[in-house]
Amino acid sequence: MIFKNLTFQIFIGALLGVAVGLLFGDGALANPDSDAYQIILLLKSAFLSALKMLIAPMIFFSLIGGIISIGDVIKLREIGGITVLYYFSTTLIAIVLGLIAIFFIHPWTMYPAIVEIQTAIPESRMIDPGSDSIVLVLSQILSLALTNPVSALVNLNIIGIVTNAILIGLAMVLALPKQSSLFGFIDQVNAVIIQVLKWVLKFLPIGIFAIIVDFTIKLGVGEGNSADFLTQLLQFSMLVISLTLFHGMVVLPLIAWFFGDKSPVKLLKQISRPLIVAFSTSSSAATLPVSMRTCDEELGIDSSVSSFVLPLGATMNMDGTALFEAVAAVFLAYLYGIELTTIMIFSVFLMSMVSSIGAPGMPSASMAGMQMVLLAVGIPLEAIAILLVIERPLDTVRTAVNVEGDIIGALIVNKYRGNSPARQ
Ligand code: ASP
């Protein structure tokens, strides 16, 4: 049923938002203190706060869950290293690609920023953007990293959360017996968090509605600046899609060619099915069974490799998501009139990496983690609203590239492990 389709509902929410903003922007909603306007703001901030509420627990437990899903120590030693090295390198390439491209291509700067925020520095900013000494930055990172987990979670200290999660996850794999009930506990906590995230995302159409009403009124649709803003959004979307496609059609296939002996054209043909499923479901997790089958039937990858690399990749390896988040942060910084220093760009890089690792593989899941990228450079959290408006179509392409990255990872690890060569 089309009415049950989230993308359709969001579309309707957005349309209604523009309509209400246009119809009542000069009337019932003209006065910011009016009850009607306050209700719109309430809906908007309730939705954004609900997303924010999930950042810390989601990243923490999803990272621990990812690490413990590596499961046994032998596998961890045997193929854990190469798998994680592959994940990190490809995600790093994706982010660097995004950041370099946006350095040269930023057509939206022809139009003015939409909001000039005051110089107030959000207290949650993590690395002092004014630092120009690398030693100082490193010591800041270290003191943030080495914090106890409770204080890291409470203070939304992402670097502390990540460090603790990695240490706890690794320690669990190494120190606990395989049948320990703690493993099941972490998986169940993750299932609970994902359920809550699903509930929150169910309200996306209402959130989008309120966000768009507010935008329409603030920007004054019909005046020149709203047309400028729409052009900026379109330019940003085109850039993200082009870069994601470049990563998926050129960078990853080249990596598969060099390290997995697989010709790019053949590869794309063989993995087209999971890519289409990922594109249409916007969920790496939902695509997992199809990816498994493709690895087995089309690529001839040993199932002990794909059963390790693919599920881990579905939660931890998201090149498309990381690229999107990095480019989006730089774009939003411009829209909010924030000048990014080198250290802030570095924070964007770091946080996009962490956030992509911590995001579950479901539609729009990275929107919760995206907030920490924003926090890192002092962009107001409500800026996420701008991304939510254009989020659905972008999610399709980036999820396909996320899944492609996982499958190519399986191909390369399979070859590295010396298994019979993957099917040609
Ligand atoms: N939809 C993505 C995935 O499942 C996650 C995201 O970027 O929102 O891979």
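Residues numbered from 1 in each chain as written. Predicted model: local features only at pLDDT ≥ 70, side-chain atom pairs only at ≥ 80, totals over all residues. Heavy atoms only, no water.

K.L.:
I'd like to hear about the overall build of the protein, residue by residue, with values.
P.N.:
The number of helices and strands found in the protein is 18 helices and zero strands. Relative to its 424 residues, the protein shows a buried fraction of 54%. For the protein, long-range pairs separated by at least 24 residues make up 82% of all intrachain contacts whose partners lie at least 6 apart in sequence. If you sum the accessible surface of the protein, you get close to 18600 Å²; carbon and sulfur atoms cover 70% of it. (Helix = DSSP H or I, 4+ residues; strand = E, 2+ residues; numbered from the N terminus. Buried < 20%, exposed > 50% of the residue type's maximum accessible area, 1.4 Å probe, protein only. Contact = heavy atoms within 4.5 Å. Areas by Shrake-Rupley, 256 points an atom, 1.4 Å probe, with all protein chains shown as cover.)

K.L.:
Could you give an account of the site of the ligand, with specific residues and numbers?
P.N.:
Among the 15 residues in the neighbourhood of the ligand, the closest are listed as S282, S284, T321, D395 and R398. Side-chain polar atom of D395 to a nitrogen atom of the ligand: 2.8 Å apart, as the coordinates give it. It is helix α18 (residues 384-416) that provides the largest number of residues to the shell around the ligand, a total of four residues. (Near = heavy atom within 4 Å. Polar contact = N/O pair within 3.5 Å; in protein donor to acceptor, adjacent residues only side chain to side chain.)

K.L.:
Kindly report on the side chain of T90, identifying the contributing residues and their values.
P.N.:
Of note, T90 is situated in helix α4 (residues 73-104). Separated by 2.8 Å, the side chain of T90 and the backbone oxygen of Y86 make a polar contact. Ignoring any residue separated from it by four or fewer positions in sequence, one finds T90 in contact with H247, L252, I255, N317 and D319.

K.L.:
Just give me the short version of helix α8 (residues 181-202), but keep the residues and values in it.
P.N.:
Every α-helix winds through 3.6 residues per turn, so residues three or four apart in the chain are directed the same way. Here α8 spans 32 Å end to end across 22 residues, near enough to the 32 Å set by a 1.5 Å rise per residue. Within the span of α8, buried status applies to F183, I186, V189, N190, I193, L197, V200 and L201. Buried residues of α8, seen end-on, are gathered within an arc of 125° and therefore sit on one face of the element. Away from the buried face of α8 by more than 90 degrees, exposed residues S181, Q188, V192, W199 and K202 are located. For α8, the side-chain oxygen to backbone nitrogen distance between the N-cap and L182 is 3.1 Å, and the N-cap itself is S180. (Expected span 1.5 Å × (residues − 1). Arc of directions from axis to C-beta.)

K.L.:
I'd like a rundown of the packing of aromatic side chains, residues and numbers included.
P.N.:
Enumeration according to the criterion identifies nine aromatic pairs in this entry. A centroid spacing of 4.4 Å and a plane angle of 10° characterise the contact between F236 and F331, whose relative ring orientation is stacked. With F236 in helix α10 (residues 224-260) and F331 in helix α15 (residues 319-335), this pair connects stretches of sequence that are 95 residues apart. Aromatic rings pair up to connect W108, F236, F324 and F331 into one cluster. Above the plane of the ring of F324 lies R398, whose end atom (NZ or CZ) is 4.5 Å from the centre. (Phe/Tyr/Trp six-rings, centres within 6.5 Å; stacked < 30°, edge-to-face > 60°. Lys NZ or Arg CZ within 6 Å of the ring centre and 35° of its normal.)

K.L.:
Explain the packing of helix α3 (residues 55-68) against helix α17 (residues 366-377) to me, using residue names and the numbers behind them.
P.N.:
Following both chains from N to C, one finds α3 and α17 inclined at 105°, their axes separated by 9 Å at the closest point. Relative to α17, α3 is oriented roughly perpendicular. Side by side, α3 and α17 meet where I55, M58 and I59 of the first sit next to A368, G369, Q371 and M372 of the second. (Axes fitted to C-alpha atoms, helices over the stretch in contact; angles between N-to-C directions. Parallel < 35°, antiparallel > 145°, perpendicular 65-115°, else oblique.)

K.L.:
I'd like to hear about the nonpolar core, residue by residue, with values.
P.N.:
Ranked by internal contacts, the top residues of the largest apolar core, which has 125 residues, are I158, L197, F236, L332, I379, I386 and L388. With 16 residues, α18 is the single largest residue contributor to this core. Excluding its chain neighbours within four sequence positions, the residues that come into contact with I386 are I114, F215, F229, L233, F331, L332, L335 and Y336. Among the nonpolar cores identified, the runner-up in size contains eight residues, and L29, Y37, I40 and I217 belong to it. (Core = buried A, V, L, I, M, F, W, Y, C linked by side-chain atoms within 4.5 Å.)

K.L.:
Could you give me a rundown of unusual backbone geometry, with the residues and numbers involved?
P.N.:
A positive phi is found at D261, a non-glycine position, where the angle reads about 55°. Note on placement: D261 falls in the loop between α10 and α11 (264-270). One non-glycine residue, S282, lies in the positive phi region at around 55°. If you trace the backbone, S282 turns up in the loop between α12 (272-281) and α13 (284-297).

K.L.:
Give a detailed account of a nonpolar patch on the surface, specifying residues and quantitative values.
P.N.:
Nonpolar side chains collect at one region of the surface, where L245, F246, M249, V250, L254, W257, F258 and F259 lie side by side and expose about 820 Å² of accessible area between them. Position of W257 among the secondary structure elements: in helix α10. Its relative accessible area of 44% is what places W257 among the partly exposed residues. (Patch = residues over 30% accessible without salt bridge, like charges linked within 9 Å, V, L, I, M, F, W, Y side chains within 5 Å. Salt bridge = Lys/Arg side-chain N within 4 Å of Asp/Glu carboxyl O.)

K.L.:
Explain the environment of L85 to me, using residue names and the numbers behind them.
P.N.:
Counting through the fold element by element, L85 comes out in helix α4. Overall, L85 belongs to the exposed group, its relative accessible area being 55%. Placed 324 residues apart in sequence, L85 and G409 show a C-alpha to C-alpha distance of 9.9 Å.

K.L.:
Provide a residue-level description of α15, including the pertinent values.
P.N.:
Taking 1.5 Å per residue, 17 residues should reach 24 Å; α15 reaches 24 Å between its end C-alpha atoms and fits that length. The buried fraction of α15 amounts to 16 of the 17 residues, a majority that puts the element mostly inside the structure. Trailing α15 by a residue or two, G337 shows a phi angle of about 65°, which is positive.

K.L.:
Tell me what's going on with the confidence of the model for the protein, and back it up with residues and numbers.
P.N.:
In low-pLDDT regions, the fine details of the predicted coordinates are not to be read closely. Looking at the protein as a whole, its pLDDT mean stands at 85, while 89% of the residues score no less than 70. Within the protein, α15 carries the highest mean pLDDT (94), whereas helix α5 (residues 134-145) carries the lowest (77). A low-confidence stretch, residues 117-125 stays under pLDDT 50, and its non-local contacts, those more than four residues away or across chains, total 11 contacts. (pLDDT = per-residue confidence, 0-100.)

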